[in-house]
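# Geometric and topological summary
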Amino acid sequence: MEERMLFALMVFSSLAVLAETIAQKHAIEIYSLHVDCKVTSRFAHTVITSKIVNRANESREATFEVELPKTAFITNFSMSIDGKVYPGIIKEKASAQKEYDTAVSRGQSAGLVKITGRKLEQFHVSVSIAAASKVTFELTYEELLKRQLGKFELLIKVRPKQLVKHFQIDVHIFEPQGIRFLETDSTFMTNELTKALTKVQNETKAHILFKPTVDQQKINPELDETLLNGDFVVRYDVKRGATAGDIQIVNGYFVHYFAPREMPVFPKNVIFVIDRSGSMAGRKIEQTRDALLKILQDLRPEDHFSFITFNSKVAEWKSSLLQATAENVASAAGFVQTLSASGGTDINRALLTAVSVLDKAERLPERSVSMIILLTDGQPTSGESNVEVIQENIQKAVNGKYALFCLGFGFDVSYKFLEKMALSNGGIARRIYENADAALQLQGFYQEVATPILMKIEMQYPENAVEGLTKNNFKLFFEGSEIIVAGKIINELDLLPVEIKAQSHASDLTLKEEANVKEKEQVFQNQSYIFGNFIERLWAYLTIQQLLEKSISAQEEDQKTLEVQALELSLRYSFVTPLTSMVVTKPADQQQTELANKPTEADNEKPRIFPVGASVKKLRHFGSTSEDDLDAYRLRSGSPSGRWRSEPQSGSNKKLLSVVARLREKMRPQPLANEYPQLLLQLPKQNETICLNTDGKAHPSVHLLSDPEQGLTVTGKLGDRTNHFVQFEINYVNPPAQIHVSTDEIVLRHNNESTWLPWTESATSTVQGLRVSVEKGRSITASLSDTVTVKISFVKFPDDFLGLYFLNTNRFSDKVSGVLGQFYSKAQFESNSNINQRADERLLSVSGSEHRVTRQYKKDYRLESTSDPVSCWSIDVTP
């Protein structure tokens, strides 16, 4: 009897715990989630509304998490808590950062937006709400859908993480040209969920509704777990009639879409430049081989092609381009299957070789398109390593003759370097993600550029009737894509004429079209769900995108002007771009201010160090445009300072006036950095920099790092007159070599022989694969295949000293040790949840010991310029 009572009590207790767990799990309930997307002539306006209630009897944290396309600009965000609205306000980035920094002292979390994949970025905000209270989150973003491989794609990420009583996705599409085909796809759709999906379509309009009940959302009738976790995709294309494209006009702004079809394809002359350095070993080189084998099968018989592979050395498969005959393709496939990876990365010489091969090519088709496709996964470590010099070399060699496409494999590449090089030479850059489908990504990119059908395209409009024209000259047009030009009509016109000049494979083309302005404007009237100024906003979106893209490859003096123009438009039309930020306010009893910034693809990389000698100014991220620059641009362009010409979005006048007023504030000055740290390092897999200082005066030598699997040991010596390192000893096991580096000399020892390398000139010495390069008066680099690269900077002010750092730190083993080495395997920041501390203090656990570290600004010896201080966590350790 007692046993039965005890068992019953145990069961009752377990059920009570389970009930409590379930109650806790669903205390914060999303009772409504609505995605409302309106697509008008490719321009998508999406509003996501999430309504949440706290069913607990105490305050809880409610989280709003949305994944949106990288190509989208956030335009609005608000939180409504018990009827009180907390709006997001879009500001110039420096002004927003100043407000954020003021709030940091009260304790602050990280930015609200981060990149989460190849197509998406995540907006994330949390707020504490009282028991039984409700909060409504609303996020609005806009994007111009891009036509790829013959279709437009609208991607909506669905991930509520719980069952939602009122869940609904509405997609309205209006395409005056007519909808040619329409399809939906989903990664989570089941037969039961399909019943919740309806599509209604006529000639020009479509409405897609996805409204599953709670039961339909369940993985299992017995479990309260949701099936809704994945992508909801709408794909479509439009009908095309007139060869000169389609012109649409609303409120004095026009957009011109041009996508000719059924035209002959140009023969291609393509050189694949493939990185086979050591970092490509394993899965990457295998996926590259798989992709190239399939790409070879897609070559047309009239195409010509060749391969150049490179590591520290550059190798040509053939001395000239070969026609893509069955025999030559088979021979190339055999070559591709032999590709292996080892050595360094000489991007400069590889690309110059590719240009030379095209320059010397003979008997190529008279009308053909020549292109170079570069695939690399790292930074230049062999030959010329200064990225600016490489960019200049390649641009001078290409000289507008060929298109250069740059594919960056993974996150060790400098995407900004590849992007600038591609854009400067008529191509584009693309990141290839290190996933199982990397080979498909490579093939997909090739398919986009495999069918050029027009070149030297000029879209001409009457100069005296149009202003603010977006890009209207294009080097190449590929089948399945689309050219879009937008602008503003400044004079009263009955007809808007357009003339298109281009070269096709067969002949030179001239296409003409006239758009009746009144008839075109009539098309969009009486469309109740269309936001009326969409073409003006499309024009602004496209202009901003093109200004930012143009600034990447522009000279430094032009870069500021372009960014200033983009900033003015971003503020006028309330877009969160790389030049602006959204300030999100919260209730007074919580962390009151957070920032939503627009990350760029270059931000989506592992912590990386720029090569010494690269200009930091020219490689800077967007967002350094000052208010003085903005005023200077307004004076030149005739726009009055601090005033905008057109109305902002409905309901945002007060917000924009507030933005304009605050823009008059001076920019936040850079924090002062008066000294260098002894050592700098980037924590692996953490976007945090450590400034390390050690009291090594009492030691003749400080054991900095040792990694038995890498066969690498580094020791250092502090100076007598300076509290910095003046000497390092680098020891390698294989090959058995030692590098002595001091402020006076560099000595490479191997097999009882010594090679002296002075700081007064640039020089390189190599022994059994170990390459030691000296950049005159600046730095020394020691690199060895599959081994961490060691770099030492020579700093001459105020006293001569040396600064040590490492590249490719993911190659360290978990056995790495030493004063510096322990941070690469045994360092982790502790959670702040139970620690009463300031925002500029954290606890860092290193080799089992806890250290309180502080946020400081130091000079960065890794960079040639010290004008930009490095923000780091400072720590003192004892050898």
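The rules behind the values
- Residues numbered from 1 in each chain as written.
- Predicted model: local features only at pLDDT ≥ 70, side-chain atom pairs only at ≥ 80, totals over all residues.
- Heavy atoms only, no water.
- Pairing = 2+ DSSP bridges.
- Helix = DSSP H or I, 4+ residues; strand = E, 2+ residues; numbered from the N terminus.
- Disulfide = S-S within 2.5 Å.
- Buried < 20%, exposed > 50% of the residue type's maximum accessible area, 1.4 Å probe, protein only.
- Salt bridge = Lys/Arg side-chain N within 4 Å of Asp/Glu carboxyl O.
- Expected span 1.5 Å × (residues − 1).

### Section: the sheet that holds strand S29 (residues 483–489)
- Pairing within the open sheet is antiparallel, and its 4 strands lie in the order S17-S18-S29-S27. The outermost strands of the open sheet, each flanked by one partner alone, are strand S17 (246–250) and strand S27 (466–467).
- In terms of strand pairing, strand S18 (residues 253–258) meets S29 through 6 bridges, oriented antiparallel. Bridge assignment links Tyr 253 to a residue of S29, and that residue is Lys 488.

### Brief notes about the state of the cysteines
- For the coordinates displayed, the defined rule picks out 1 disulfide.
- Here Cys 691 engages in a disulfide with Cys 872; their sulfurs sit 1.9 Å apart. Around the S-S axis, the bridge from Cys 691 to Cys 872 shows a dihedral of about -105 degrees and counts as left-handed. Of this pair, Cys 691 sits in strand S35 (residues 689–694) while Cys 872 sits in strand S50 (residues 870–877), and the two are 181 residues apart along the sequence. The two residues Cys 691 and Cys 872 agree in class, both being buried.

### What to know about the pattern of salt bridges
- By the definition in use, this model includes 35 salt bridges.
- For the salt bridge of Asp 237 with Arg 180, the shortest nitrogen-to-oxygen distance reads 3.3 Å. One end of the pair, Asp 237, is in strand S16 (residues 230–238); the other, Arg 180, is in strand S11 (residues 179–186), with 57 residues separating them in the sequence.
- On the basis of relative accessible area, Asp 237 is assigned to the buried category, the value being 1%.
- In this structure, a network of salt bridges that share partners links the residues Arg 42, Arg 147, Glu 175, Arg 180, Asp 237, Arg 240 and Glu 482.

### Focus: helix H13 (residues 556–572)
- Helix length check: H13, at 17 residues, gives a terminal C-alpha distance of 25 Å against a target of 24 Å (1.5 Å per residue), a fit within 8%.
- Those residues of H13 not exposed but buried are Gln 559, Leu 562, Glu 563, Val 564, Ala 566, Leu 567, Glu 568, Leu 569, Ser 570, Leu 571 and Arg 572.
- At the C-terminal side of H13, Ser 574 shows a positive phi close to 55 degrees.

### Section: the pairing of strand S45 (residues 789–795)
- Here S45 lies mainly inside the structure; 7 of its 7 residues are buried.
- The two faces of S45 match: Thr 789, Lys 791, Ser 793 and Val 795 on one face and Val 790, Ile 792 and Phe 794 on the other face are all buried.
- Across 4 bridges, the pairing between strand S44 (residues 779–783) and S45 is antiparallel. Paired with Ile 780 across the two strands is Ile 792, which belongs to S45.
- Hairpin connection, S44 to S45: the antiparallel pair is bridged by 5 residues, and Asp 786 has positive phi, about 65 degrees.

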